[in-house]
Structures are given as structure tokens and as C-alpha cells.
Amino acid sequence: MANDSTEEEGLAKESPETEHHIYEDVKWFNKAEQNQRMAVEELISTETGYVHNLQLCISDIHDHLQKKQLPEIDLEGLFSNIEDVLRVSRHFLTGLETVANLEHEQLFHISTLFQELKEEMENVYKVYCANYDQALILLEIYRKEPRLQKELLDTLQVTVPHTGASDLSFFLVMPVQRVTKYPLLLQKILENTLESDSAYEALSAATKAMIEVNANINEYKRRKEVADKYNKAGYLTLRERLARLNTHSITKKTTRLSRLFMHEAGIVSKTEDKEFDDLEEKFQWLASGVADLKENVASFLSNTEVFLGSQLQENELDIEAGTRQQCCRLAGKLNSIILPEFKKRLERLVYLPLCNLSETLKGPQKLIRKRLDKLLDYEEVEEKRNETGSVTYEEEASMNTYLAINSLLVSELPAFNLVALKWLGQILRSFVALQKDLAKQVLQEAEGEMAQLPHRHLPETDFWKMVEDTLSRAEDQLHSFCKKFESVRPSPVVQPLSPAEERRVLLLVNKHGPDKLFQVTSNISGSKDMDLTLQRGQIVALLHDMDTKGNSNRWLVDAGGPRGYIPSGKVQPYHLVQNQKSKTEMLIPNDGAERRRHSYNLPETASPPVSFITPAFQVVAGYAFTARSSHEVSLRAGQPVTVLEPHDKKGSKEWSLVEVNGQRGYVPSSYLVMAPTPEPPGWSSPVWPLPNQQT
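Right, let's walk through the structure included here. These numbers come from a predicted model, not from an experiment.

1. Structural notes on the pattern of salt bridges
Per the stated rule, a full pass over the model turns up 27 salt bridges. With a closest N to O distance of 2.8 Å, R222 and E219 form a salt bridge. Of the two residues, R222 and E219 are both situated in helix 10 (residues 200–232); the distance of three residues between them amounts to about one turn of the helix. Taking relative accessible area as the criterion, E219 reaches 28% and is therefore assigned partly exposed. Across the pair D292 and K570 runs a salt bridge, and its minimum N-O distance is 3.9 Å. Residue D292 is found in helix 13 (residues 274–308), and its partner K570 is found in the loop between strand 4 (563–567) and strand 5 (571–573); the two are separated by 278 residues along the sequence. Overall, the relative accessible area of 31% leaves D292 in the partly exposed class. Classification of K570 as buried rests on a relative accessible area of 17%. Among the charged side chains, a network of salt bridges with common partners joins K511, D558, R563 and E645.

Right under this line is the structure:
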């Protein structure tokens, strides 16, 4: 018994030592540490599976559909920038795998990795997420087409049968889900990390960074939805546009127009945004350059066709018959071989890309115009808020819409301008290269024929001397011809105008004077707000030789109704012919309605017969008027005034916008009268009695 007791005591002593030996290498973690470790492992393992599925989506599904060459399926619209998403995710996964086996500072390295890739992740995921809804719309369209739906299902079964995916949306939604998962995983790791841990601050910063990324993605998506909404409005038919008109929309448009006029007249100040103004100016110059280049390329091609297609035998040139045959033979080769190939290359490498670039610019142009509309609404609501202290929900929404469009343009226009400029630069380089190739081909074809010309044996110096002498003689002849032509040139002749156009021109003359008339030399398409769209040959009157920013290349003109800006380089002075001048002298306002509204029209009674030229008239103040606000201007009786608008901003004829001594403002229309201009001594003209002063 004693032996047994001794053995039991020995076993009791051995038991703790044995257990310690078995578990001496095992690390015990408390519950928080275990959860932290599991969250890190989940982050790494799910990122591995995510990247694998993205690779399947691109290398298998996308490539398989691309090989099928189905024009009905928009691969770019479906997959967006998923390749950029994969590139960033691979970079991120490589960083995670590098720190996966670290014992110390693993959490710190993971946090640093998130913060380093924050900006790049935001840039790629915001584009993908913003286009995701459009991808779903495309998938829904393809599902309704049995043939396309079958092609998509066959692709999934052939490329990724092991995934069990029954629809392409299974893969397309993964990036959207993944970017929203990052802050949740980081939050889980952070919750199971002690505040005293050295990596706690870094983890907290990484969590906030990914939350901010998701917030920025949602805001970008909201802005893009607003932009897409207004871009789609451009595709409405006329019937659909008319159906949208109602009392509310007409009132809103009228309010915008009134505020825009007040901006231009300087009555109210415009909200300044220098950053946007600079970006818009660069964009508008780019759009104007593209439009001009399209026009110039078309003119260049037309002139090249005329030049290369010329037939010397149709011209009376004093050259020998043999030389003429050589030149005709060369012209035939150029016209039948070189020109068609050049036209084909020019259209493919220059004109079509230029047209595509022009179409691409239309989206931002619409959005910029819509921004102005929303800015006018914003100013109106802001003014109301300052006066009353509150606005309605709809008014608050309109203000937010302006802010969204403005923020989107400010963030996107720099990159867009840069890409469009590079695009335009590449088109110009292609254009130059094509011209060099054309010159080279023409010279090669001409070498054989030129070798048979009479001067082929001349040394190079003698040849160039002969060319210079010939050009000098031609220049002298041309100069002599020009001098003779100037001496015998008839008075300027204009194209005949239609009766309606002629009456409009005469009204412009009476309103602004003949020296202010200009004629449009080429079609003008307005690209900015307040720009006019005019046809070649139209007559306009110059109001101001620069815009509100002091740009002298943009003139303010009166087109006989609408007023706006046009490029100064697309007009030339217009000269009235004699019969138009005589009609101008005889033109007298005779509209009864206008007589009732304005007291400065001529009286209806016939003037006594006089034997002199009909005098010119000017508008003067019939009575003294004292301005009562900053919108009005004071007048002295008999003071000449310039009528800018015969009505106020609401269209009322009771007030007129005038300019007096360089100051602009409103005056009562009934205070203005028409009076003859002062005439040279010895002349006499009837004096029209002033109307009775109104009280």
C-alpha cells in the first residue's frame, strides 16, 4: 500500500510537467485577438478570390465575347474600366501577401497599404460604379434579344462553368460589392485592436480613408446621374419637348432669361467662379478650334482636288505642244492615282477622327449650358433665401443640382481638356504627315516628266535664278494690274436682298447707322451662351467690339431681332448700294401700335411740301427726368439719348433702356421724342411739335 501511495504521488508530480511539455509551443489568444486574426485572414483570402474572379471576367469572358465579334454587344459599356480595377486590385493583393506572414507590425503595414492606394482606388472604382447601372440596362436589353442572350449564356458555360454563374451580372457586381466591403473589414479589425496597440492609429486612419472613398464614389455617381439626366434631354423629339411645356417651365425659363439680361446689362452681379471660368474658356477655345479645323480641312481637300484635277489643255497657256502633253500626262496621273488614295487616307485619319472629337465635345457643351441655367436658378433662390431666410424643398434641390453640375465640371473638365487636346494634336500630326506624303508622291511622279522639260540641263543655281526672275516679272505684272484695277474698280456692289431682308437692313441702318453694318462671310455656329448662329451673307449691326471679358475677338451685334456675340473674324464691312441709301432716307416709322407706346415717333399728319432732302432724326429727351434708383438714369430736356432697348426686362414698352453720356439706365418711354438732327446753316426743316407733357 505504501508503494502504491508513493507511485500515485509520483504520477501526480509528473502530470503538470507532461502537460507543459505538450503545449509549450502553442500561443494562446484571447477572444479579441482571435477575432482580429480571423478578420485579417478574411481580408487576404477574400481579396485573393476577388482578384481571381476579375481575371476570369477579363481574360476568359471578355476575350471570348470579343472574339465572337458581335457588334450588337457593347463590351465597353458592359465592362467599363474593369481592367483598371484589376490592375489596382493586383497591386493591393501583392502588398497583402507580402505582409501575410509578418509576426510584428502586420496591421501597421496593412493600414499603410490602404492609405497609399486610397486615391488610385477611388479613381478607378468611382468610374466603374458610376457606369454599373448602365451596364445593367444593357444586360436587360440583351436578355430581351434571344440570340444575344444565348450568346452570353454560351460564353459563361464555355469559359466559367465551375462558377455556376447563370448571368454576367454575377461578375459585374463584384467590384461594386468589394469596394464597400473594405471599410467593414477594417472596422472589424479595428474593433478587436486595443487602443494602446501601436497600429491602432494607423488602422483608424485607414478605416476613415476607405469610408471617405465610398462617400466620394457615391457623390461622384450622384453627380454623373444628374449630368446624364440633362444630356439625355437633348435626344427628345420636338413633340416630346412641346409636351414638357407647362406654366411652371415657361415661368422658370422666363425668370432665367430676365436674370441673364440683367447680367449682361450689369444690373445684377454674376456669381464669379474663376476656376470654372478658366476651364470653360479653355474648353470653348478647344471647341472653336475643332470647328475651324473641320472647316479648314474640308476647304483644303476642295482646293487640292481643284489643283490636282486641273486640265492644262483647257487653259490658254503660251507653251509648246510637247510640254503641254507632258503636263497633261502628269495631271492625269495625279488625278486618277494619287488624289483618290489621298482622299481616302485623309478621311480615315483626319476627318472622321475630327468628326468624332466634335461629337465628343457636345456632351460637355450641353452640360455647360445647363450649368448656366442652374446657376441662374441658384442665384434667384439664394437671393430669396437672403431676403426671407428660407426656401422650399424644390428650391433647395435646384441649388444642389447646380452645385453637383458645377463640381462635376470642375473635377472632370481638366482631364477632358487634356485628353481632347492630345486627340486634336494627334489629328494635326496625321494631317501634316499626309500633306508631306502627298508632296513627296507628287514630286516623285513629276520627276520623270520634269526631266524632259527644256530647262532640265540648267545647273541648279541657274535654274533657281530663272525661277526668281520669272516670279519677279509676274509680281511686277500683278502689282501693275492691281493698281489699274483699283483705279477703274466700280463702287461696291452687294448681292440682291429679299424684300424682307432689305427691310431688316434698312431698319438696322436707321437704328445704328450705315457705318455699323457688317456682312457674315461664313456660317457661324454659336458654341457659348449668348452666341448667335448666323448664315453666310446675313447683315448685322455692330453694338460693341468686345465681350464682357474684354475679348476683342468676340463682338456684340444686332441681327435685326436677336442680339448676341459672333467671332469678329467672320464678318466684313457692308456697303449700301445707292438704291438702298435712298430707301433709307425715305424710311419713316409707321406702326400705329408703336406710335401709341412711344412719343418719339413722327406725327401722322403729312409734312408740308419742302424742296430738300428728308432730314435725319435722333431721339432726345422731351422732358427732364430724375433717376430714383440705380437702375434708372437722369435726363435733361432736349438731351440726345441712344435707345438700347425700347422695353424693360419684362417686355413692358412703358420703360426704355437708354445710354446717356456713357451711362445706361431706364427712363419712361413717354419722355422720349424724335427730333431732327442739327443741320448746316442755311438749311431749314419743319419742327414737329412736342406732345403735351403728361402729368
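2. Observations regarding the side chain of R504
In this structure, R504 sits in helix 17 (residues 499–512). Given the relative accessible area of 15%, R504 is considered buried. When sequence neighbours within four positions are dropped, the list of residues in contact with R504 reads Q538, I539, A559 and G560.

3. Concerning the nonpolar core
In terms of nonpolar packing, the biggest core is built from 63 residues, with F79, F114, Y125 and Y182 touching the most fellow members. Here this core takes 12 residues from helix 2 (residues 31–68), the largest share from any one element. Excluding residues that lie within four positions of it along the chain, F79 makes contacts with C57, I61, H62, L65, Y128, L168 and L172.

4. A word on the sheet that holds strand 2 (residues 539–544)
The five strands lie next to each other as 4-3-2-1-5, forming an open sheet whose pairing is antiparallel. Edge positions in the sheet fall to strand 4 and strand 5, since each of these pairs with one other strand and no more. On average, each strand axis in the sheet is inclined to that of its neighbour by 50°, with strand direction left out of account. Both strand 1 (residues 517–520) and strand 2 contribute to a ladder of three bridges, which runs antiparallel. Paired with L517 across the strands is A541, a residue of strand 2. Packing of helix 17 onto the sheet brings it into contact with strand 1, strand 2, strand 3 (554–558) and strand 4, and relative to strand 2 it is tilted by some 20°.

5. Concerning unusual backbone geometry
Despite not being glycine, Q69 shows a phi value in the positive range, around 55°. Considering the arrangement of structural elements, one finds Q69 in the loop between helix 2 and helix 3 (75–79). The phi dihedral of S80 is positive, around 50°, even though this residue is not glycine. As for its placement among the helices and strands, S80 is situated in the loop between helix 3 and helix 4 (82–99). We classify S80 as partly exposed; its relative accessible area is 22%.

6. Brief notes about the sheet that holds strand 9 (residues 663–668)
Ordered in space as 7-8-9, the three strands form an open sheet in which the pairing is antiparallel. Sheet topology places strand 7 (642–645) and strand 9 at the edges, where each strand pairs with a single neighbour. Taken pair by pair, the neighbouring strands of this sheet meet at an average axis angle of 40°, ignoring direction. Pairing between strand 8 (residues 655–660) and strand 9: six bridges, direction antiparallel. Considered in strand 9, the bridge of S656 is made with V667.

7. Re a nonpolar patch on the surface
Judged by side-chain polarity, L478, F481 and F485 come together as a nonpolar surface patch covering roughly 320 Å² of accessible area. With respect to the element layout, L478 can be found in helix 16 (residues 460–488). Given a relative accessible area of 51%, L478 falls into the exposed group.

8. Concerning the side chain of S89
Mapping S89 onto the fold places it in helix 4. For S89, the side chain forms a polar contact with the main-chain oxygen of V85, separated by 2.9 Å. Apart from the residues within four sequence positions on either side, S89 is in contact with E47, Y50, V51, L54 and Y125.

9. Quick word on the packing of helix 6 (residues 118–143) against helix 9 (residues 174–191)
For the pair helix 6 and helix 9, interaxial distance at closest approach is 10 Å and the crossing angle is 135°. One finds that helix 6 runs oblique with respect to helix 9. Two packed elements cross with a definite hand, and for helix 6 against helix 9 that hand is left-handed. Contacts between helix 6 and helix 9 involve M121, Y125, Y128, C129 and Y132 on the former and, on the latter, P175, V176, R178, V179 and Y182. Residue composition of the contact of helix 6 with helix 9, grouped by class: nine nonpolar, no polar and one charged.

10. As for helix 4
Relative to the 26 Å expected for 18 residues at 1.5 Å per residue, helix 4 spans 26 Å between its end C-alpha atoms, a close match to the ideal helical length. For helix 4, the complete set of buried residues consists of I82, V85, L86, V88, S89, F92, L93, G95, L96 and V99.

Reading the values: rules and limits
- Residues numbered from 1 in each chain as written.
- Predicted model: local features only at pLDDT ≥ 70, side-chain atom pairs only at ≥ 80, totals over all residues.
- Heavy atoms only, no water.
- Salt bridge = Lys/Arg side-chain N within 4 Å of Asp/Glu carboxyl O.
- Helix = DSSP H or I, 4+ residues; strand = E, 2+ residues; numbered from the N terminus.
- Buried < 20%, exposed > 50% of the residue type's maximum accessible area, 1.4 Å probe, protein only.
- Contact = heavy atoms within 4.5 Å.
- Core = buried A, V, L, I, M, F, W, Y, C linked by side-chain atoms within 4.5 Å.
- Pairing = 2+ DSSP bridges.
- Axes fitted to C-alpha atoms, helices over the stretch in contact; angles between N-to-C directions.
- Patch = residues over 30% accessible without salt bridge, like charges linked within 9 Å, V, L, I, M, F, W, Y side chains within 5 Å.
- Areas by Shrake-Rupley, 256 points an atom, 1.4 Å probe, with all protein chains shown as cover.
- Polar contact = N/O pair within 3.5 Å; in protein donor to acceptor, adjacent residues only side chain to side chain.
- Parallel < 35°, antiparallel > 145°, perpendicular 65-115°, else oblique.
- Left-handed = near helix turned anticlockwise from the far one by under 90°.
- Nonpolar A, V, L, I, M, F, W, Y, C, P; charged D, E, K, R; others polar.
- Expected span 1.5 Å × (residues − 1).

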